[in-house]
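Spelled out, the chains give:
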Amino acid sequence: DEPLLPMVGEEIEIEAEESQDQENRDDNEHEADVDPILDNLLANVTKKSDIHCHHTSFIPVDTTWESPTTYPHEPLIPYGYFKQYVPSEMFEMMSMMTNIYAEQKGVRGYKHASASEIEVLVGLHMAMGVLGFPRMRMYWSSGINIGIFRDTLSQDRFFQLCSNLHVVNNYERLPGDTDMFFKVRPLYECIRKRCLQLQLEEELCIDEQIVPFRGKLSVLQYVKGKPTPWGVKMYFLCGKSGLAYDFLIYQGATTELSEQSKKVLGHGASIVTHLCQRIQAPNHKIYFDNYFTTYNLLEALAEEFDDCLLPALTFSYSSDYSFGLPW
């Protein structure tokens, strides 16, 4: 009943087939990264040496905005809105991954966490952000006696869950994975999925924002002048109401941007084209500052989105000149 071992020639043939399969996968990944539409668009951008300012007449365009139908449901309570972004399935996954991590570490006396416990844990963290006590153990102090903490989760259980909380299984990370936010990627995609379902407003804005964080992270950013200068940089597509409709997390060279776009347009302009992909309805007004603005970006927006976008820019140049673009 012993398994038959392959002959030497068969081993070589199997290795050759696996090598060929790997090459085919690499070719497919390379082809997937090449967008024919984007490639044609970027090939037609004006060279920097050919860009010149000149006087031109302004041609008015129709900017009438047709408001989409309103949402059919009634306004929800805050918890209802939160569950639309982080549904129960996400808490089920977090509890399962937390239990797996605790078993991998061999934590003594650990009791498997339930989805409801993880949900309570997240809620208590949010309450801590509102109250802002200097020490975490003060929330369970008998002298202060905050019922929402003492009556829902014990102090020891809270810290035990915090030290083991996980969203993914660490051992499932694929070799060569360069995602610096692998451990929170499912939660990131879950929230982003809900943002992509929202109906867009007429006036939109693209800008960066710092998510406060002072831990150890290779892509930790310091941006002078921001309300919270230390943290993780993110780029947002937001509406005038303040709602976020899409976002992109910055992770250095591995940021999820097209290599073609970064090479031709640059990093800042590529962020704008990336976040504008979900805009389909006509006559949206998009605002972004001079950090993102280049002449080639304006060309790309005019070519790719045509009537969908009407860029409204804030950058410094003489008001006596205009670039003569078709909007």
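Quick summary incoming for the structure in this document. Model, not experiment: these values are computed from the prediction.

1. Quick look at the overall build of the protein chain
When its secondary structure is counted, the protein chain shows 11 helices and six strands. Taking all 327 residues of the protein chain together, the buried fraction comes to 34%.

2. Describing the pairing of strand β1 (residues 203–212)
Bridging between β1 and strand β5 (residues 284–289) involves three bridges; their strand directions are parallel. Looking at β5, one finds that Cys205 is bridged to Tyr287. With nine bridges joining them, β1 and strand β3 (residues 230–239) adopt antiparallel strand pairing. What sits directly across from Gln209, in β3, is Met234.

3. Brief notes about the nonpolar core
With 26 residues, the main nonpolar core has Ile206, Val272 and Phe288 as its most contacted residues. One finds Met94, Ala115, Phe158 and Val167 within the second-largest nonpolar core, a separate group that totals 22 residues.

4. Here we look at the packing of aromatic side chains
Counted under the stated rule, the structure contains 12 aromatic pairs. When the ring of Phe133 is compared with that of Tyr139, the centres are 4.7 Å apart and the planes differ by 10°; the resulting orientation is stacked. A residue is classified by how much of its surface remains accessible, and Phe133, at 26% relative accessible area, is partly exposed. Take Tyr139: its relative accessible area is 2%, and that puts it in the buried class. A cation over a ring is seen here: Arg157 above Tyr110, with NZ or CZ 5.4 Å from the ring centre. In this structure, Lys233 is placed above the aromatic ring of Tyr250, and the distance from its NZ or CZ to the ring centre is 5.3 Å.

5. Here's the deal with the pattern of salt bridges
Charged atoms that come close allow side chains of opposite charge to pair. Under the definition given, this model contains 12 salt bridges. Here Glu202 makes a salt bridge to Lys285, at a shortest N to O gap of 2.7 Å. One end of the pair, Glu202, is in the loop between α8 (185–197) and β1; the other, Lys285, is in strand β5, and 83 residues separate them in sequence. We classify Lys285 as buried; its relative accessible area is 12%.

6. Regarding the pairing of β3
The element β3 is extensively covered by neighbouring structure, given that nine of its 10 residues are classed as buried. Across two bridges, strand β2 (residues 221–222) lies against β3 in antiparallel orientation. Each bridged residue has a counterpart across the sheet, and for Gln221 the counterpart in β3 is Gly231. Where β3 lies against strand β4 (residues 244–249), five bridges are found, and the strand directions are antiparallel. Bridged to Tyr235 within β4 is Leu248. Connecting β3 to the next strand, β4, in antiparallel fashion are four residues, including Gly242 with a positive phi near 100°.

Analysis parameters
Residues numbered from 1 in each chain as written. Predicted model: local features only at pLDDT ≥ 70, side-chain atom pairs only at ≥ 80, totals over all residues. Heavy atoms only, no water. Helix = DSSP H or I, 4+ residues; strand = E, 2+ residues; numbered from the N terminus. Buried < 20%, exposed > 50% of the residue type's maximum accessible area, 1.4 Å probe, protein only. Pairing = 2+ DSSP bridges. Core = buried A, V, L, I, M, F, W, Y, C linked by side-chain atoms within 4.5 Å. Phe/Tyr/Trp six-rings, centres within 6.5 Å; stacked < 30°, edge-to-face > 60°. Lys NZ or Arg CZ within 6 Å of the ring centre and 35° of its normal. Salt bridge = Lys/Arg side-chain N within 4 Å of Asp/Glu carboxyl O.

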